[in-house]
Amino acid sequence: MTPSPNELDTEWGLRLVDQIYEFGSQWFGLKGGEPLLRKDIFELIAHAKSLGLEVLLLTNGYYVDGEILDNLIKYNVYTSISIDGSEKANDALRGKGSYKAALSAIQILSKAGILNGLSMAITNINLNEADHIVGLAEEYGARFVWFNHLVPTGRAKKHLDLEPTPEQYEVFLNHLYDLSQKHYKVDFDFNIHCPHYIRIYKERDPEGFCEWYNKTHTAKCIYFLFGGYLSVLENGDVIPCFYSEDLKIGNIKEKSLKELWDDMQNSEFYKKLQDPDNLEGKCGVCEHRKICGGCRTRAYALTGSYFGSDPACAYIPKVLRKK
């Protein structure tokens, strides 16, 4: 694999770490692609640690061995593994041998005490695999499981056939709720990055909903939760959601993260996007729009509007139901 031709070089990678520190973040998060393919990855990590930043990293597990493993341990990098189910399902999605590599990494990282979480992307191939991911988290002491809905951006644009139907999402998310209520040998968090899960949780546990909602972060659309979010692409472009590649705020070579954050907060477009009353279609009349709001990036990808309805939601708002 070769890096992107416009990927930030080491000098700008170090400057990015400085900008993250100056912005006030306590964390330096690395994901890909595959971050461990960068030859200077531990130079960047060492710099982040020297500034007092904690480092998080998401990898497919192929390279967690030898000197790389030694450095992950040396710098105490909280390392998460992307894994999409049991061997059959995972290899169908990621290629033959990918499950064994991921499982080996999970075992090694667990033994070293730096296994952070297990991350699964929800597709129509692995709808029956949540129990397997949860079982691995329990067995190897992961700090969390992360279930992420499929957003048609990046490489996923070419694989729309993997998108679950709204009805399949509904069944899967209800099952995740059931799994989250069980007792396990070790404690780990359930992070479910899909706005529809908020409505499902409210339906399943109306009495406990407010307490859960005030504590959770991962289910909410980040536009509504944070008023935006900064993610830096490999070329230095900054976007407000790690999926919204079409919403470029700027580039770290031209402005600092702090300046770009201020630009976003003062943008009339982003102010409008943060208000669920500006949503259109089914989402715009839904009684759950102020707690859910759907996925704005998926709405744009599939409808052409950041304010349109999220096509992955099966719920019919009360005002649209036949009397």
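Everything quoted here is computed from the prediction, not taken from an experiment.

(A) Here's a closer look at the pairing of strand β1 (residues 27-30). Here β1 shows one buried face, formed by Phe28 and Leu30, and one open face, formed by Trp27 and Gly29. For the crossover that starts at β1, traverses helix α2 (residues 41-50) and ends in the parallel strand β2 (residues 54-59), the hand is right-handed.

(B) Region of interest: helix α4 (residues 87-94). For α4, the full list of buried residues reads Ala89, Asn90 and Asp91. Of the surrounding secondary structure, the elements contacted by the buried residues of α4 are α5 (98-112). Directly beyond the C-terminal end of α4, a positive phi value near 105° is found at Gly95.

(C) Looking closely at the sheet that holds strand β6 (residues 189-193). The strand order β1-β2-β3-β4-β5-β6 describes an open sheet built from six strands, whose pairing is parallel. On the outer flanks of this sheet lie β1 and β6, each paired with one strand and no other. Mean inter-strand twist for the sheet, computed between neighbouring axes without regard to direction, equals 20°. In this structure, strand β3 (residues 78-82) lies alongside strand β4 (residues 115-121), joined through three bridges in parallel fashion. Paired with Thr79 across the strands is Leu115, a residue of β4.

(D) Quick look at the packing of aromatic side chains. Taken as a whole and judged by the stated rule, the model has 19 aromatic pairs. Arranged with centres 6.5 Å apart and planes meeting at 70°, the rings of Phe144 and Trp146 form a pair that is edge-to-face. Exposure remark for Phe144: the relative accessible area of 17% places this residue in the buried category. Given the relative accessible area of 21%, Trp146 is considered partly exposed. Between Phe147 and Phe172 the ring centres are 6.1 Å apart and the planes differ by 70°, which places this aromatic pair in the edge-to-face class. Remark: Phe172 occurs in helix α7 (residues 166-180) and Phe147 occurs in strand β5 (residues 144-148); sequence separation between them is 25 residues. Of the residues examined, Phe147 reaches a relative accessible area of 0% and is grouped as buried. Among the aromatic residues, those joined into a cluster by ring pairs are Tyr177, Tyr197, Tyr201, Phe209, Trp212 and Tyr213. Looking at Arg15, its charged tip hangs above the ring of Trp12, at a distance of 4.3 Å from the centre. The ring centre of Phe307 lies 4.8 Å from the NZ or CZ of Lys272, which sits over that ring.

(E) Molecular detail of the nonpolar core. Among the nonpolar cores identified, the biggest contains 78 residues, and Leu118 and Phe147 are the most heavily contacted of them. In this view, Leu118 contacts Ile81, Ile83, Ile106, Ile133, Leu136, Ala137, Ala142, Phe144, Val145 and Trp146; residues no more than four positions away in its chain are not counted. Judged by nonpolar contacts, the second largest core, of five residues, contains Val151, Cys241, Phe242 and Cys295.

(F) Spotlight on the environment of Glu287. Mapped onto the elements, Glu287 comes out in the loop between α13 (281-285) and α14 (296-303). When the C-alpha positions of Glu287 and Ile316 are compared, they lie 9.9 Å apart, and in sequence the two are 29 residues distant. Once residues lying within four places of it in the same chain are set aside, the contact partners of Glu287 are Tyr315, Pro317, Lys318 and Arg321. Within polar-contact distance, the side chain of Glu287 engages the backbone nitrogen of Lys318 at 3.3 Å.

About the criteria used
- Residues numbered from 1 in each chain as written.
- Predicted model: local features only at pLDDT ≥ 70, side-chain atom pairs only at ≥ 80, totals over all residues.
- Heavy atoms only, no water.
- Buried < 20%, exposed > 50% of the residue type's maximum accessible area, 1.4 Å probe, protein only.
- Helix = DSSP H or I, 4+ residues; strand = E, 2+ residues; numbered from the N terminus.
- Right-handed = clockwise from strand over helix to strand, strands pointing away.
- Contact = heavy atoms within 4.5 Å.
- Pairing = 2+ DSSP bridges.
- Axes fitted to C-alpha atoms, helices over the stretch in contact; angles between N-to-C directions.
- Phe/Tyr/Trp six-rings, centres within 6.5 Å; stacked < 30°, edge-to-face > 60°.
- Lys NZ or Arg CZ within 6 Å of the ring centre and 35° of its normal.
- Core = buried A, V, L, I, M, F, W, Y, C linked by side-chain atoms within 4.5 Å.
- Polar contact = N/O pair within 3.5 Å; in protein donor to acceptor, adjacent residues only side chain to side chain.

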